[in-house]
Amino acid sequence: MVCDPVCVLPYGHAMPALNHYRRLLLPRFEDVKCLASKSFSEKLAVENDFEQAFTFLYNKYIPVMGEARFNEMVKAHPAFSDAFADPYERVATADAVDILGRHEIASEDTIFMPGADFYGIVGFLNACAARPAAQRPKIFIRLIGVLEAATPFYDDPMGELCRRIRAASAAGVRLYLSAETPAYADYVNEQTGLITYLTPYPETSERLPLPETDDFNVLCAGSARLDKGFHHLLEIMQGVHANPSRRKVLLTTQTLPVKGSEAWDSYTSQLYATSGVTLLEPVISSELMHDLYRACDIVLLPYAQDVYRMRGSAVMMEAAGAGRLCLTLRGTAFSRQVEYYGLGEVVDTIRDIPDAIRKMAAMPRDRMQGRIDQARARFFLDINAAYAHWLSL
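On a predicted model such as this, the values are computed, not experimentally measured, just so you know. (Residues numbered from 1 in each chain as written. Predicted model: local features only at pLDDT ≥ 70, side-chain atom pairs only at ≥ 80, totals over all residues. Heavy atoms only, no water.)

## Section: the packing of aromatic side chains
Okay, so step 1: Following the criterion strictly, the structure yields 26 aromatic pairs and no others.
Okay, so step 2: Put simply, the rings of Phe56, Tyr58, Tyr61, Phe70, Tyr88, Phe118, Tyr119, Phe153 and Tyr154 touch in pairs and so form one group of aromatic residues.
Okay, so step 3: Cation over ring: Arg90 sits above Phe84, and NZ or CZ is 4.1 Å from the ring centre.
Okay, so step 4: Cation over ring: Arg311 sits above Tyr308, and NZ or CZ is 4.4 Å from the ring centre. (Phe/Tyr/Trp six-rings, centres within 6.5 Å; stacked < 30°, edge-to-face > 60°. Lys NZ or Arg CZ within 6 Å of the ring centre and 35° of its normal.)

## Regarding the sheet that holds strand S13 (residues 344-347)
Okay, so step 1: Ordered by their spatial adjacency, 6 strands build an open sheet running S10-S9-S8-S11-S12-S13, and the pairing between neighbours is parallel. Edge positions in the sheet fall to strand S10 (277-280) and S13, since each of these pairs with one other strand and no more. Direction aside, neighbouring strands of the sheet carry axes that sit 20 degrees apart on average.
Okay, so step 2: In the sheet, strand S8 (residues 216-220) pairs with strand S9 (residues 249-254) via 5 bridges, with the strands oriented parallel. Note that in S9 the partner of Val218 across the bridge is Leu251. (Pairing = 2+ DSSP bridges. Helix = DSSP H or I, 4+ residues; strand = E, 2+ residues; numbered from the N terminus. Axes fitted to C-alpha atoms, helices over the stretch in contact; angles between N-to-C directions.)

## Considering the domain arrangement of the chain
Okay, so step 1: Segmentation of the chain into domains returns domain 1 (2-198) and domain 2 (216-378).
Okay, so step 2: Here the C-alpha centroids of domain 1 and domain 2 sit 31 Å apart.
Okay, so step 3: There are 0 salt bridges connecting domain 1 and domain 2.
Okay, so step 4: Remark: the boundary between domain 1 and domain 2 carries 3 residue pairs in polar contact (both at pLDDT 80 or more).
Okay, so step 5: Per-class residue counts for the side of domain 1 that touches domain 2 are 8 nonpolar, 3 polar and 1 charged. (Domains from an automatic or database assignment. Salt bridge = Lys/Arg side-chain N within 4 Å of Asp/Glu carboxyl O. Polar contact = N/O pair within 3.5 Å; in protein donor to acceptor, adjacent residues only side chain to side chain. Nonpolar A, V, L, I, M, F, W, Y, C, P; charged D, E, K, R; others polar.)

## Quick word on the pairing of S9
Okay, so step 1: Taking burial as the measure, the 6 residues of S9 include 5 buried ones, the bulk of the element.
Okay, so step 2: Regarding the hand of the β-α-β motif, the stretch spanning S8, helix H8 (residues 233-242) and S9 is right-handed.
Okay, so step 3: The pairing of S9 with S10 spans 4 bridges and is parallel. For Thr252, the partnering residue across the bridge sits in S10 and is Thr278. (Buried < 20%, exposed > 50% of the residue type's maximum accessible area, 1.4 Å probe, protein only. Right-handed = clockwise from strand over helix to strand, strands pointing away.)

## Quick look at the state of the cysteines
Okay, so step 1: Taken as a whole and assessed by the stated rule, the structure comprises 0 disulfides.
Okay, so step 2: Residue Cys34 stays outside any disulfide, its sulfur separated by 8.7 Å from that of Cys3, the closest cysteine.
Okay, so step 3: Taking relative accessible area as the criterion, Cys34 reaches 2% and is therefore assigned buried.
Okay, so step 4: Cysteine Cys162 is unpaired, with the sulfur of Cys128 as its nearest cysteine sulfur at 18 Å. (Disulfide = S-S within 2.5 Å.)

What follows is the structure in structure tokens.
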């Protein structure tokens, strides 16, 4: 069972990830079921063959509904009680108990969490610990550094989660850990004492040929956020225009979400008015995203080093799948992977990005394609080998 309690939005990475991992796991198992949040679209759940199984507990972090509606929904759960220090844990545990019982899960079965979250993990650990050994599945947890610490009830959520994992493993629950970046894998290993594999996103796309255009198309993909460098794009494009390259540089990106972005209206207007910049809606379809990868020459990732010091980038991994080099900042966890595999260029500061764009724009098309093919082959060879070994444990 591929389980993501945070699969709640009709866009982003969670919904495609369930389908990608189903395809990855189908050759290894007799049957693969995908389980999402109860708050996920019923229509999309039917279309994607997802079971709506988990109570959504992360509205504070991913506000998909009003606070009053969220509180009403959670408190309506039979397991919810204000008498407990962490009532969300009771809800998550009850959901996990129900899932394991309803599906008659036994020791030969496997729970796979492709983008782990605090309550999803804790719920399954509690539910499995309460079952006889013959009814405990294997649990594969892929940590990505996003919602593992998403709980309002602990001063050190990540420390608490690692203690729970360590204790469950010592009690006989069969746990197998992996993380999206080397830095995060090392951290999780130090905190839990368990071997933690390295499992970036699997290959999800065929390699797309580079566009044959005179312009040089730069894509800053994914939902625009400040921690992804949206507020640096104007400076970057001004730097590009200050010393134009032979090929005209075009930038395509999304705007910030409407709610809460009012302070950036003036900035966004200046960016919109900048030559060569195309601003898209905050939310776009997966089909349009695929078209944007096809049309671009490189993918720009000016992510904040502090926020991403442990985290990977799904966009970086999608770009590798599509056959596009990245340009990013040194100091993020995924920049180590970009450098090691040759997946693009890594620079020290925002001020270095315009010059790096010019150098990449000057690279002959056949040379860039050769670099992509070499980097992509090495990257996915290691990823496929990591999953094959990890899932055989």
